[in-house]
Each structure stands twice: as C-alpha cells, then as structure tokens.
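Here is what each chain is made of, one letter per residue.
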Amino acid sequence: KLARIGGSRHPRFTSMTNPPRLSRRGLYFALFVGLDAVLWLAAFTWTPPKSPPAPILSVSVWPGTESLIVAREMGLLPREKINFVEMSWSSSSMRAFGNRAVDIVGLSLSETILLHELGNPFHVILVIDNSNGADAIISKENVSNISDLRGKKIGVEVRSSGHYLLSRALEEAGLTLKDIELIPINLPESENAIAELGVDAVVTAEPWLTRIVKKGGHVLYDSTQTPGEFIRVLVARESTIDESGSALAELVTAHFKYLDPGLWPKEIFEGILRREGLSAAEFNDSLSRATPFSRSDQKALLSGTAPELMENFGTVMRHMKSMGLVSGALTEDLIINDSLISP
C-alpha cells in the first residue's frame, strides 16, 4: 500500500505505522561501529594504574654496607626493585633524604637523631653494625692526647658521626667544641687534611682511616672508647615501607646473604676494593672494626615494647643535648620497625 503525499503516489514512502526493518547484516554493522567507537575512546582516555617507582637507596663508602653493593652486582637488587645512589659521606645522604631525593639511607645513631630533629619522619628498619675503632680522631705527632687539642684546628664533617665523636672526646678531657677551632671538611677530604689544610687533627672513618694511618697518622681517640654509641642503622620513609615493603624485605635479606666477604665472587670483591681504595688485607682489617649484627641479633635490638636499640639512642641523645648538638628530647618519637627483619 502506497502512502499518498499531496494527493499523488510516491513509491519511496510508506505508512509510519509500518517502518522499514533493519537487516541482520545492518544490525551487525551498527554494533561493530559502536563497539569500535568505544574501543577507540578507551584507547585515548584510559590511564593504566601507576605502580610506585622503585625506592632510592643512598649508600655511602663504608665497609659494613658493601654487602648491599655486592647484592646489587649479583643481581639480587635490580633497578626495578631498588635504585642505588652512591654518596661518599653521610651529611650528603642526610641532605638528600631531607630533600626527598632518596628514600632509604644508612646512618649512625647521632646522625639519625639529627635527621629526626630536622622533621624528617622515618622508621629504623635494620641495625647494620657497631663501630669498634672504625671511627677515629687522628692527629699530628706533636699532639699526644685530647687535652692538647685546646686551641687547635680540627678538621671534621659537621653534623655527622665524626662531629659526635669529637664532642665525646672533648667531653672526656673536660673541653667543649668552643675550645677548638673547627674546620669543616667532608670525609674524602680527611685523608689529606693534615698535610694540605694545616689542621692539627682530623676526624675520620673507614676506609679513609686506614689510608691515613698507613701514611703515618696517629690515632688519638676512636670509637672503642664509646661502646654502643657508634651503631649504624638503615632508615626508610614510612610511605616507602607501605608502597615497597616487599622490595625493602629483599634488600634486608640481601644484606644478610652477603655479610661474609668470603662469599663474594673475586671480580666483585676486586670492584669493592677499588671503591674503598684498599688492598684485600686492609679491607678485611677495616671490616673487623665494624662488627655486623646478624639477623638473629635484630630481634632484641628492634623488637618488643622496649627495644635494646632505644637504650643506645638514649645514651647518644643525652650527650648530644649536654653538648648543645640538639635541642629537644626526641628519642621517644623515633619509630623502630622490626617488620622487615623477621626470618
């Protein structure tokens, strides 16, 4: 039946009560075009979920943390899990952490307290080692005891474990930091500071300590005289633990795996010796002055309502307050986290 328009017949129009049917092929084509449009829209608008970037570890030149360098070289800590940034002295690592350029850093107890005082929240996640003579004050031959340092020029890295060691030595001799002329240096500069900067003594640590003594330097005072105060720890941001806890657990496990240099492949050991600037015998000797804490040691140090490490922190804090190195009682706010050291 043809619809009439203007009284005439027109074969192209039919009644509205009887619309044309869409063929099956046309229906499929319409569905295909619609689905294609949706897919193209998704391709241009969908953003894949972002995974957190690999945490950045600042590792300084120190015999007790070379285990981490070895683990990296052995492939246990690839870049997608842990990014390494090598720094030669601790104050630069502290500054990098404060500027959020790194997420994990190894520090002495006094450096950890200083970092905390600057308002940088973190958790202590691992106890690395205890310095038994690996930090020292070295003097010229004409300086025979700490009392002789009165009025003398002393080269030291400011706001570091060396600064703390110097203040402890002066305290025992009845002196203060005001009784000496402090010459700010960084650790690599300590090797030639006496000869090139004209200082009377220098505060240093391994491996520079071994190199200075080899040149005839006289050890005036060292960390054996302050037992338990020169422990080094690994600290990490709370957000890093939350986002990359499995990678941090692998970092801790890798440290324990390669504590023994006897397990290091020859070519990697040779690379460590070049990094430290020592012979094999010298490195092993320096390592003997940085006593490591095993995984089994960690429980007593980090776990429980009163971890043993807090006692060490308290001793260091009391001295720092008495010498004006910090202003407040901060150790109560330090967070010790033992979640990563469980076997």
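Note that the coordinates shown come from a computational prediction; the quantities given were computed from them, not determined experimentally. (Residues numbered from 1 in each chain as written. Predicted model: local features only at pLDDT ≥ 70, side-chain atom pairs only at ≥ 80, totals over all residues. Heavy atoms only, no water.)

So, about the packing of aromatic side chains. The full count for this structure, using the stated rule, is 5 aromatic pairs. Geometrically, the ring pair formed by Phe97 and Phe122 is edge-to-face, given 6.2 Å between the ring centres and 85 degrees between the ring planes. Here Phe122 lies in the loop between α4 (109-117) and β6 (123-131) and Phe97 lies in helix α3 (residues 90-98), a separation of 25 residues in the sequence. Classification of Phe97 by relative accessible area gives buried; the value is 0%. Here Arg232 stacks its cationic end above the ring of Trp62, 3.7 Å away from the centre of that ring. Of note, Arg237 hangs over the ring of Phe97, and the distance from its end group to the ring centre comes to 4.0 Å. (Phe/Tyr/Trp six-rings, centres within 6.5 Å; stacked < 30°, edge-to-face > 60°. Helix = DSSP H or I, 4+ residues; strand = E, 2+ residues; numbered from the N terminus. Buried < 20%, exposed > 50% of the residue type's maximum accessible area, 1.4 Å probe, protein only. Lys NZ or Arg CZ within 6 Å of the ring centre and 35° of its normal.)

For α3, a buried count of 7 out of 9 residues is recorded, marking the element as mostly surrounded by other parts of the structure. Check the buried side of α3 and you find it contacts β3 (56-60), β4 (83-87), β5 (104-108), α4 and β12 (231-236). Phi turns positive one or two residues past the end of α3, at Arg100, with a value near 60 degrees. (Contact = heavy atoms within 4.5 Å.)

Let us now look at the layout of surface pockets. Rolled over the atoms, a probe with the dimensions of a water molecule shows which regions are left empty. As a volume, the largest pocket reaches approximately 180 Å³. The wall of the largest pocket is formed by 15 residues, among which Glu191, Ile194, Ile212, Lys215 and Gly217 lie closest to the centre. If you tally residues by element for the lining of the largest pocket, the top one is helix α7 (residues 193-196), at 3 residues. Residue classes in the lining of the largest pocket are distributed as 5 nonpolar, 6 polar and 4 charged. (1 Å grid on protein atoms, 1.4 Å probe; cavity = no way out; pocket = protein on both sides within 12 Å on 5 of 7 lines; lining within 4 Å. Points joined across faces, edges and corners; volume = space filled by probe spheres on them. Nonpolar A, V, L, I, M, F, W, Y, C, P; charged D, E, K, R; others polar.)

This brings us to α4. Counted residue by residue, α4 has 8 buried out of 9 residues, so it is predominantly covered. In this structure, the buried side of α4 is in contact with α3, β5, β6, α5 (161-172), β12 and α13 (308-322). Following α4 by one or two positions, Gly119 adopts a phi angle in the positive range, close to 85 degrees.

This next bit is on the packing of helix α2 (residues 66-73) against helix α10 (residues 266-276). The N-to-C vectors of α2 and α10 enclose an angle of 135 degrees; their axes lie 10 Å apart at closest approach. One finds that α2 runs oblique with respect to α10. Between α2 and α10 the crossing geometry is right-handed. Judged by residue contacts, Glu66, Ile69, Val70 and Glu73 of α2 engage Ile268, Ile272, Arg275 and Glu276 from α10. Its residues assigned to classes, the contact of α2 with α10 comprises 4 nonpolar, no polar and 4 charged. (Axes fitted to C-alpha atoms, helices over the stretch in contact; angles between N-to-C directions. Parallel < 35°, antiparallel > 145°, perpendicular 65-115°, else oblique. Left-handed = near helix turned anticlockwise from the far one by under 90°.)

Moving on, we get to the sheet that holds strand β10 (residues 201-205). Across the sheet, 5 strands lie side by side as β9-β8-β10-β7-β11; this open sheet has mixed pairing. If you trace the sheet from one side to the other, it starts and ends with β9 (181-184) and β11 (218-222), each paired once. For this sheet, the mean inter-axis angle between neighbouring strands, taken without regard to orientation, is 30 degrees. (Pairing = 2+ DSSP bridges.)

All chains considered together, the criterion is met by 2 cavities of 30 Å³ or more. Lining the largest cavity are 23 residues, and of these Ser60, Ser90, Ser161, Leu187 and Arg232 lie nearest its centre. Listed by contribution, the elements that provide at least two residues to the lining of the largest cavity are β5, α5, β10 and β12. Class assignment of the residues belonging to the lining of the largest cavity gives a composition of 9 nonpolar, 10 polar and 4 charged.

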